[in-house]
Amino acid sequence: MSYGIYPRGVTTTERALREEFVRVGQLMHSRNYVAATDGNISARLDDDRFLVTPSGLSKGFMTPDQMVVIDWDAKPVGMGAYGPHRYGAARDLRPSSEIYLHLEAYRQRPDIRAVVHAHPPTAVALSIAGISMARCLLPEVIVTLGLIPTTEYAMPASPEGATVIRDLIKNHDAIILQRHGSVTVGSSPFDAYLKLEKVEHTAEITLRLLQIGQEQPFPPGAVGQLVARRQDQGLMLPGQFEEIQSACNVCGLSTHCPLPERQPRPISSGSSLRI
Ligand SMILES: [Zn+2]
């Protein structure tokens, strides 16, 4: 007996995730966050298995039965104790070549359920220019993501690709892979996708700021309010408080600190916007 395209044994949760992968892949493709066969999506199925997008397919044209189930060693899980999880269109497909990056994120973050990796063009361009996105620019980004740091360069799909995210992913939900792309993590594939949208939107605003040529700091006390909101929502990860305080150049995140410099500051290749 089968359930539509799914054989017996595929849970409702797995079916829903497969369909969510398709929708998120279409969004990534339509929003130009990936080109050709770039990018990948993964999600936890249980303690030992992950659902991942296959290698070599456009994310805009996937079908639910093309997703692959793997274990912690990135090996496809086939017939056996877990049931028939390689079937239909996935039978001859391999997991994404960048899956080690995803598995590293799950190792470091037991709290996350999904990972999205993409190549958002403006964010990647900024990283190639050496321009950091770990900046105090947008209030909603400070509340929802904190800062967006950039990793060291690593060759895509190499073991180093997993190594360079190891420390940063522990206390960030969105990071930039230098000259390569982005990694966003969350409670679901769609949640991780929304963080990708936020990353590229932030990159576009950063680029326009560079074109305009000057920026104003937050008013006194404003960053403290944003940090408090992030804490109230239970979003603050270890080390982020100090990191935001330093990046925003505020004293103790209090309204009693000296007024920050309000003169327009040119931002250039030599400014603190550098990575
Ligand atoms: Zn990539």
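Along each chain, residues carry numbers from 1 onward, in the same order as the chain's sequence is written. Residue-level local features of this predicted model are given only where pLDDT is at least 70; pairs of side-chain atoms are given and counted only at 80 or more, and the full residue set underlies all totals for whole chains, interfaces and linings.

1. Topic: helix H7 (residues 222–232)
Threshold: Any residue whose C-beta has 12 or fewer other C-beta atoms within 10 Å is treated as exposed, any with 20 or more as buried, and any in between as partly exposed, C-beta atoms being built from the backbone. Every helix listed is a DSSP run of H or I at least four residues long, and every strand listed is a run of E at least two residues long, numbered separately from the N terminus. This arc describes the spread of directions from the helix axis toward the C-beta atoms.
Every buried residue of H7 is accounted for by Val223, Gly224, Leu226, Val227 and Arg230. Considered in projection along H7, the buried side chains sweep an arc of 160° and stay on one side of the axis. Just beyond H7, the residue with positive phi is glycine 234, at close to 70°.

2. Describing the confidence of the model for the protein chain
For the record, the criterion: For every residue, the predictor reports its confidence as pLDDT, a number between 0 and 100. C-beta atoms are placed from the backbone for every residue, and two residues are taken to be in contact when these atoms lie within 7 Å.
Here the protein chain shows a mean pLDDT of 86. Residues at 70 or above account for 82%. Below pLDDT 50 for its whole length, residues 79–85 participates in nine contacts with residues either more than four positions away or in separate chains. In the model, residues 253–272 has pLDDT below 50 throughout and makes 33 contacts with residues more than four positions away in sequence or in other chains.

3. Section: the environment of cysteine 136
Following the sequence through the fold, cysteine 136 ends up in the loop between helix H3 (121–128) and helix H4 (139–144). In this structure, the C-alpha to C-alpha distance between cysteine 136 and proline 217, residues 81 residues apart in sequence, is 7.9 Å. Look past the residues within four positions of cysteine 136 in its chain and what remains in contact with it is Ile142, Phe218, Val223, Ala247 and Cys248.

4. Some points on unusual backbone geometry
The backbone of alanine 74 sits at a positive phi, close to 70°, despite the residue not being glycine. Along the chain, alanine 74 turns up in the loop between strand S5 (68–70) and helix H2 (99–108). Overall, alanine 74 belongs to the partly exposed group, with 17 C-beta atoms counted inside 10 Å. Even without being glycine, alanine 157 reaches a positive phi, approximately 65°. Residue position: alanine 157 is located in the loop between H4 and helix H5 (159–163).

5. Some details on the environment of lysine 59
Among the secondary structure elements, lysine 59 is positioned in the loop between strand S4 (50–52) and S5. Classification of lysine 59 as buried rests on a count of 26 C-beta atoms within 10 Å. In this structure, the C-alpha to C-alpha distance between lysine 59 and isoleucine 41, residues 18 residues apart in sequence, is 9.0 Å. Filtering out sequence-adjacent residues up to four positions away, lysine 59 remains in contact with Gly25, Met28, His29, Val34, Gly39 and Thr53.

6. Thoughts on the packing of H3 against helix H6 (residues 189–212)
The criterion, for reference: Axes here mean lines fitted to C-alpha atoms, for a helix over just the part in contact, with angles spanning 0 to 180 degrees between N-to-C directions. In this scheme, roughly parallel covers angles under 35 degrees and roughly antiparallel covers those over 145, while 65 to 115 is roughly perpendicular and the rest are oblique. Crossings are assigned a handedness: left-handed for a near helix turned anticlockwise from the far helix by less than a right angle, right-handed for a clockwise turn. Under this grouping Gly is polar, as are all residues other than the nonpolar Ala, Val, Leu, Ile, Met, Phe, Trp, Tyr, Cys and Pro and the charged Asp, Glu, Lys and Arg.
In the contact formed by H3 and H6, the axes pass within 7 Å of each other and the chain directions differ by 55°. The orientation of H3 with respect to H6, classified from their angle, is oblique. When the axes of H3 and H6 are compared, the crossing they make is left-handed. In this structure, H3 uses Thr122, Ala123 and Leu126 to contact H6, whose residues at the interface are Val199, Glu200, Ala203, Glu204, Thr206 and Leu207. Tallied by class, the residues present in the contact of H3 with H6 amount to five nonpolar, two polar and two charged.

7. Side note on the pairing of strand S3 (residues 40–44)
Convention followed: Note on pairing: DSSP must find at least two bridges between two strands before they are called paired.
When you tally the buried positions in S3, you get four out of five residues, the bulk of the element. Sheet analysis places S3 next to strand S6 (residues 114–118), joined by four bridges and oriented antiparallel. Note that in S6 the partner of serine 42 across the bridge is valine 115. Counted along the chain from S3 to the antiparallel partner S4, the turn is five residues long.

8. Some points on the nonpolar core
Rules: Buried Ala, Val, Leu, Ile, Met, Phe, Trp, Tyr and Cys residues whose C-beta atoms connect them within 7 Å together make up a nonpolar core. Where each domain starts and ends follows an automatic or database-derived domain assignment.
Core analysis: the largest hydrophobic core is formed by 59 residues, its most contacted members being Val116, Ile148, Ile165 and Val183. Lining this core are residues from two domains, each supplying at least three of them: domain 1 (2–213) and domain 2 (222–266). Those residues in contact with isoleucine 165 that lie beyond four places of it in its chain are Leu101, Glu104, Ala105, Thr151, Ile175 and Val183.

9. Considerations on the environment of arginine 107
Its location among the elements puts arginine 107 in helix H2. Residues arginine 107 and lysine 170 lie 63 residues apart in sequence; the distance between their C-alpha atoms is 9.4 Å.

10. Let's talk about H3
Taken together, the buried positions of H3 are Ala123, Val124, Leu126 and Ser127. For H3, the buried positions fall inside an angular range of 160° around the axis, keeping them on one side. Packed against the buried residues of H3 are strand S7 (174–177), strand S8 (181–186) and H6. In the stretch just after H3, glycine 130 is the one whose phi turns positive, near 80°.

11. Looking at the sheet that holds S4
Backbone-to-backbone hydrogen bonds join strands into a sheet, with any given pair of strands oriented parallel or antiparallel. With antiparallel pairing, the six strands of this open sheet are ordered in space as S5-S4-S3-S6-S8-S7. Either end of the sheet is taken by a strand with one partner, and the two such strands are S5 and S7. Between one strand axis and the next, the sheet turns by 20° as a mean value, whatever way the strands run. Across five bridges, S6 lies against S8 in antiparallel orientation. Its bridge partner lying in S8, alanine 114 is registered against glycine 186. Of the strands in this sheet, S3, S4, S5, S6 and S8 touch H2, which is tilted by about 35° from S3.

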